[in-house]
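Topology and contacts: notes
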Amino acid sequence: MNLNLIDEEDFTRTMEEVVLPDLSRCRHEGWMTSHSRSGEGGEILEGGREKDRDPVGLVHFVCYDVNEFHDRAYESGQARWRGAVVISHGFTEFADKYAELTWYFLMQGYSVCLIEHWGHGGSGRGVDGRSLVWVDHWQRYVADLASFCESVGQVYAGDHPLCLYAHSMGGAIAARMLERHPSLIDKAVLSSPMIAPRVGLPPSLVLLAAKAACGLGLGKTMIPGFHPFNPEADMTQYVNGSEARVRWAHRQRAGNPEYQTSAATFGWIRESLAMCKVILQPEQCERVETPILLFQAEPDTMVLPKPQARFVAQVEAGGSQADLVTIHKSMHELFEMPNPVLGPYLQQIFDFFDSPYRLGGDR
């Protein structure tokens, strides 16, 4: 497939004058009800927030129709309709951060559906303070993503494949969903998935401490070491990354209060660690049937590499295809790397989605 990346020297202008106008012409957004602990939820709301619903219980999503894109875009890509890609974003992220990646998927012939996980973007939060991320139970994330794929994703895929691109926290949610719903997704890319986060101490100890804090009523309290959103981009946190891409995404955050999540609560860390513990159970990994391509950043300051490799090995032990690709001299957000790294990374993704053959190996 031909892949023409945006010139990093002209990144902002291209995004504002080409990419965003192209996306606006095929953009659709809506809301669905998030899943309660009892399992209720997943209803797609006609008219979204105009309906008489509690916004705290809603999940926001954005979709881009590839057929409308080809009809209206300034630059059109492949004429062939290949299916749809659901994007599952990472911790503190939002749908519009993936505008460039969405544009590339559309150029390759895929419709794109992005869910903003509960507690992020335009979705319900359940906690005061724009910087904070809290969730009452991790099953909410998994059930929401599964319902979104089953309803919205399948509609946009039609009779074509439904693929998944999942980053970091979204990768952990996706991994658990693939265990729970083995036949839902045709191909899945897990990019720097949070199979186990870096927490500084053994995860079991941190989980116990988080449970204790929640028991003391501190579940919605910011964890020490996190901070409120800073409108100034700190490039020291993005070593090896593309400065143009990182700064553009940060400007989107600074310009919209809904995008300014930045800090974990004790409740979030309790639920995320509990989810990761379940994901790595061998009997759960062996339930996966979807072919997986897992990208591992090296170095990665956010998640641990060995649990990612363990997950891949256990999925393969269950008889499903799972390949691990390590991107050296990179960073956690692989989709924000400079063009010489981003290009081969995206090409492997497109080849994986379009090919029945096994890929893999270190670069």
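Computed from a prediction, not measured in an experiment: that's the story for all the values here.

Moving on, we get to the confidence of the model for the protein. Scored by pLDDT, the protein has a mean of 93; 94% of the residues are at 70 or more. Confidence over residues 357–363 falls short of pLDDT 50; this stretch has 24 contacts with residues more than four positions distant or in other chains.

To continue, consider helix α4 (residues 138–157). In this model α4 runs 27 Å from its N-terminal to its C-terminal C-alpha over 20 residues, within 8% of the 28 Å that 1.5 Å per residue would give. Extensive coverage of α4 is indicated by the burial of 14 of its 20 residues. Looking one or two places after α4, you find G158, whose phi comes out positive at around 65°.

Tracing the chain through its elements places K220 in the loop between α6 (203–215) and α7 (243–254). Residues K220 and S147 lie 73 residues apart in sequence; the distance between their C-alpha atoms is 26 Å. In this structure, K220 is in contact with G126, V127, L132, W134 and T265, ignoring residues within four places of it in sequence. A distance of 2.7 Å separates a polar side-chain atom of K220 from the backbone oxygen of G126.

Let us look at the packing of aromatic side chains. Taken as a whole and assessed by the stated rule, the structure comprises 15 aromatic pairs. Arranged with centres 5.9 Å apart and planes meeting at 40°, the rings of F352 and F353 form a pair that is tilted. Judged on exposure class, the residue F352 and its partner F353 are both buried. Clustering of aromatic rings is evident, with ring pairs tying together F105, Y110, Y165, F350, F352 and F353.

Attention now moves to the pairing of strand β3 (residues 58–64). Burial analysis of β3 places seven of its seven residues in the buried class, the great majority of the element. Across seven bridges, strand β1 (residues 27–33) lies against β3 in antiparallel orientation. Counted as the bridge partner of W31 is H60 from β3. Bridge analysis of β3 against strand β5 (residues 110–116) gives five bridges, and the strand direction is antiparallel. Paired with H60 across the strands is E116, a residue of β5.

Residue position: T14 is located in helix α1 (residues 11–24). Setting aside chain neighbours within four positions, we find T14 in contact with I6 and V19.

So, about the packing of α1 against helix α3 (residues 99–107). When two helices pack together, their arrangement is given by the angle between their axes and by how far apart the axes lie. Axis separation between α1 and α3 bottoms out at 10 Å; the angle between their running directions is 55°. Between α1 and α3, the crossing angle belongs to the class labelled oblique. Considering only the axes of α1 and α3, their crossing is left-handed. Packed against α1, whose contacting residues are F11, M15, V18, V19, L20, D22 and L23, the element α3 presents A99, E100, T102, W103 and L106 at the interface.

Criteria and thresholds
- Residues numbered from 1 in each chain as written.
- Predicted model: local features only at pLDDT ≥ 70, side-chain atom pairs only at ≥ 80, totals over all residues.
- Heavy atoms only, no water.
- pLDDT = per-residue confidence, 0-100.
- Contact = heavy atoms within 4.5 Å.
- Helix = DSSP H or I, 4+ residues; strand = E, 2+ residues; numbered from the N terminus.
- Expected span 1.5 Å × (residues − 1).
- Buried < 20%, exposed > 50% of the residue type's maximum accessible area, 1.4 Å probe, protein only.
- Polar contact = N/O pair within 3.5 Å; in protein donor to acceptor, adjacent residues only side chain to side chain.
- Phe/Tyr/Trp six-rings, centres within 6.5 Å; stacked < 30°, edge-to-face > 60°.
- Pairing = 2+ DSSP bridges.
- Axes fitted to C-alpha atoms, helices over the stretch in contact; angles between N-to-C directions.
- Parallel < 35°, antiparallel > 145°, perpendicular 65-115°, else oblique.
- Left-handed = near helix turned anticlockwise from the far one by under 90°.

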